[in-house]
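Structural features, examined
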Amino acid sequence: MAPLTLSVDVKSSSATSPDVFKRVMQSPQLKMSKGFFASVNTQEDKPFDFFRTLFEGFIAGGTAGVVVETALYPIDTIKTRLQAARGGGKIVLKGLYSGLAGNIAGVLPASALFVGVYEPTKQKLLKTFPDHLSAVAHLTAGAIGGLAASLIRVPTEVVKQRMQTGQFTSAPNAVRLIASKEGFRGLYAGYRSFLLRDLPFDAIQFCIYEQLCLGYKKAARRDLSDPENALIGAFAGALTGAVTTPLDVIKTRLMVQGSAKQYQGIVDCVQTIVREEGAPALLKGIGPRVLWIGIGGSIFFGVLESTKRTLAQRRPNTVKETKEE
């Protein structure tokens, strides 16, 4: 049975105008599936469209990532110091921007790579999966994007968190000393715990965001505004951040331990924290984390959608100029 798509009744609607058709053509069609989830009806497969989506994802993702990281870095630093402190250790509130420059050098390509992989993967999976499984497409695309970005994110995160906890004063020195003392593997310390945290986080956050946006758009019968995208992004980020806080604590402890090797892996880390500090220690930094990711989700998705829309608006002009030539 062919899927039903959202349409405009040109005979009975009083709003039949070029603006209506323009609005419908500018945004993806929403499929009215029988299941709980909404999905997107993408256009025909075209190599140029795929690479354009990839390129625009790189630009939009890199822009959003840098804006968020710069604005919220102090909150992230406080969260990291809270999680790294063992027992009743005091938190130092100086140097909250320590390591920002080096971190942006990693966040820019990592965010660009994530969105650049996520967008075309999502569009391809939405064509592959049935309408009622659109959430699975979003979950899978988020996990694949996170896996690709982890190759850049992990070394960036290791250097950033060790600078935030006062172990190094500059990113170049951090990279050089970590590599010399711990080997290349030192830059990927806590990689498995990072994936344990970030793959579920990326998958859940983007799935919640996409599904809420599609449902809201279907109910409102219009495109979302930037404030609405930002609000949904804040909710998705805060909820996902709270749920994944224990995974974040484990990841932080494994990444900042260095060559001391206080923990012998994920399981040992959990057991040691619970034994020495109690189970509530797995929720250390949940306040700053929810605040940081909630605000970050608002900024990220707001900037992301705004940048994607700006890039999309340039497409017709490019096509027109090509035809005129």
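Residues numbered from 1 in each chain as written. Predicted model: local features only at pLDDT ≥ 70, side-chain atom pairs only at ≥ 80, totals over all residues. Heavy atoms only, no water.

1. Here we look at the overall build of the protein
Put simply, the test is: What counts as a helix is a DSSP run of H or I of at least four residues, what counts as a strand is a run of E of at least two, and both are numbered from the N terminus. For every residue, the accessible area obtained with a 1.4 Å probe (protein chains only) is divided by the maximum for its type, and the residue is called buried under 20%, exposed over 50%, and partly exposed between those limits. Computed by Shrake-Rupley with a 1.4 Å probe, the accessible areas treat only the displayed protein chains as cover when residues are assessed.
Along the backbone of the protein there are 11 helices and 2 strands. The secondary structure elements of the protein, listed N-terminal to C-terminal, are α-β-β-α-α-α-α-α-α-α-α-α-α. Relative to its 325 residues, the protein shows a buried fraction of 45%. Carbon and sulfur atoms form 64% of the exposed surface of the protein, whose accessible area is close to 16600 Å².

2. Some thoughts on the side chain of Glu-157
Heads up, the condition is: Contacts: residue pairs with any heavy atoms within 4.5 Å of one another.
Within the secondary structure, Glu-157 sits in helix 4 (residues 134–164). Setting aside anything within four residues of it in sequence, one finds Glu-157 in contact with Phe-194, Arg-197, Lys-251 and Met-255.

3. Re the packing of aromatic side chains
Rule in force here: What counts as a ring pair is set by centres within 6.5 Å for rings of Phe, Tyr and Trp (its six-membered ring), and what kind of pair is set by the plane angle: stacked under 30 degrees, edge-to-face over 60, tilted for all other angles.
Counted under the stated rule, the structure contains 10 aromatic pairs. Ring centres 5.9 Å apart and planes at 5° place the aromatic pair Phe-114 and Tyr-118 in the stacked group. Taken together, the positions of Phe-114 and Tyr-118, both in helix 3 (residues 100–128) and 4 residues apart, correspond to about one turn of that helix. This pair shows no difference in class: Phe-114 is buried, exactly as Tyr-118 is.

4. Overview of the UniProt feature "transmembrane region" (unreviewed entry) in the protein
We apply this condition: UniProt positions are given in the numbering used here, feature names are shortened, and annotations may be inferred rather than shown by experiment.
Following the UniProt record, one finds the feature "transmembrane region" (unreviewed entry) at residues 54–75, 96–115 and 135–154. Secondary structure content for residues 96–115 is 80% helix and 0% strand, while the C-alpha to C-alpha distance between its ends is 28 Å. Measuring from the first to the last C-alpha atom of residues 135–154 gives 27 Å, for a span that is 100% helix and 0% strand.

5. Details of the packing of helix 6 (residues 191–220) against helix 7 (residues 226–243)
Basically, it comes down to this: Throughout, an axis means a line fitted to C-alpha atoms (over the contacting stretch in the case of helices), and angles, computed between N-to-C directions, take values from 0 to 180 degrees. Rotating anticlockwise by less than a right angle from the far helix to the near helix defines a left-handed crossing, while the corresponding clockwise rotation defines a right-handed one. Ten residue types, Ala, Val, Leu, Ile, Met, Phe, Trp, Tyr, Cys and Pro, are classed as nonpolar, four, Asp, Glu, Lys and Arg, as charged, and the remainder, Gly among them, as polar.
Orientation of helix 6 relative to helix 7, taken along the N-to-C sense of each, is 145°, at an axis distance of 9 Å. Considering how the two elements wind past one another, helix 6 and helix 7 form a crossing that is right-handed. Listed contacts from helix 7 to Phe-201, Ile-204, Gln-205, Ile-208, Tyr-209, Leu-212, Cys-213 and Tyr-216 of helix 6 are Glu-228, Asn-229, Ile-232, Gly-233, Phe-235, Ala-236, Gly-237, Leu-239, Thr-240 and Gly-241. Taken together, the residues that form the contact of helix 6 with helix 7 break down as 11 nonpolar, 6 polar and 1 charged.

6. Some points on unusual backbone geometry
Positive phi outside glycine occurs at Arg-221, with the angle close to 55°. Here Arg-221 is to be found in the loop between helix 6 and helix 7. Taking relative accessible area as the criterion, Arg-221 reaches 59% and is therefore assigned exposed.

7. Looking at the environment of Ile-299
Mapped onto the elements, Ile-299 comes out in helix 10 (residues 286–313). With a relative accessible area of 24%, Ile-299 lands in the partly exposed category. Placed 68 residues apart in sequence, Ile-299 and Leu-231 show a C-alpha to C-alpha distance of 9.2 Å. If near-sequence neighbours (up to four positions away) are discounted, Ile-299 is found in contact with Val-67, Val-68 and Ala-71.

8. Details of helix 5 (residues 171–182)
Quick reminder of the rule: To estimate the expected span of a helix, count its residues, drop one, and scale the result by 1.5 Å. Our arc is simply the arc of the directions from the helix axis toward the C-beta atoms.
With 12 residues, helix 5 extends 16 Å between its outermost C-alpha atoms, agreeing within 8% with the 16 Å of an ideal straight helix rising 1.5 Å per residue. Looking at helix 5, one finds that the buried residues are Ala-171, Ala-174 and Ile-178. On an axial view of helix 5, the arc spanned by its buried residues comes to 55°, and they lie on one face. Across helix 5 from its buried face, at more than 90 degrees, point the exposed residues Pro-172, Arg-176 and Ser-180. Elements in contact with the buried residues of helix 5: helix 3 and helix 4. Looking at the residues trailing helix 5, positive phi occurs at Gly-183, about 80°.

9. A few points about the pattern of salt bridges
Inclusion rule: Whenever a carboxyl oxygen of Asp or Glu lies within 4 Å of a side-chain nitrogen of Lys or Arg, that contact is scored as a salt bridge.
Going through the model one piece at a time under the given rule, you end up with 21 salt bridges. Glu-182 is the salt-bridge partner of Arg-162, the closest N and O atoms lying 2.6 Å from each other. One end of the pair, Arg-162, is in helix 4; the other, Glu-182, is in helix 5, and 20 residues separate them in sequence. With a relative accessible area of 25%, Glu-182 lands in the partly exposed category. Across the pair Lys-308 and Glu-305 runs a salt bridge whose closest N-O atoms are separated by 3.7 Å. Here Lys-308 and its partner Glu-305 are both found in helix 10, 3 residues apart, which amounts to about one turn of the helix. The buried category is assigned to Glu-305, whose relative accessible area is 19%. Ionic contacts of the salt-bridge type, sharing partners, join the residues Asp-76, Lys-79, Arg-153, Glu-157, Lys-160, Arg-197, Asp-198, Asp-202, Asp-248, Lys-251 and Arg-289 into one network.

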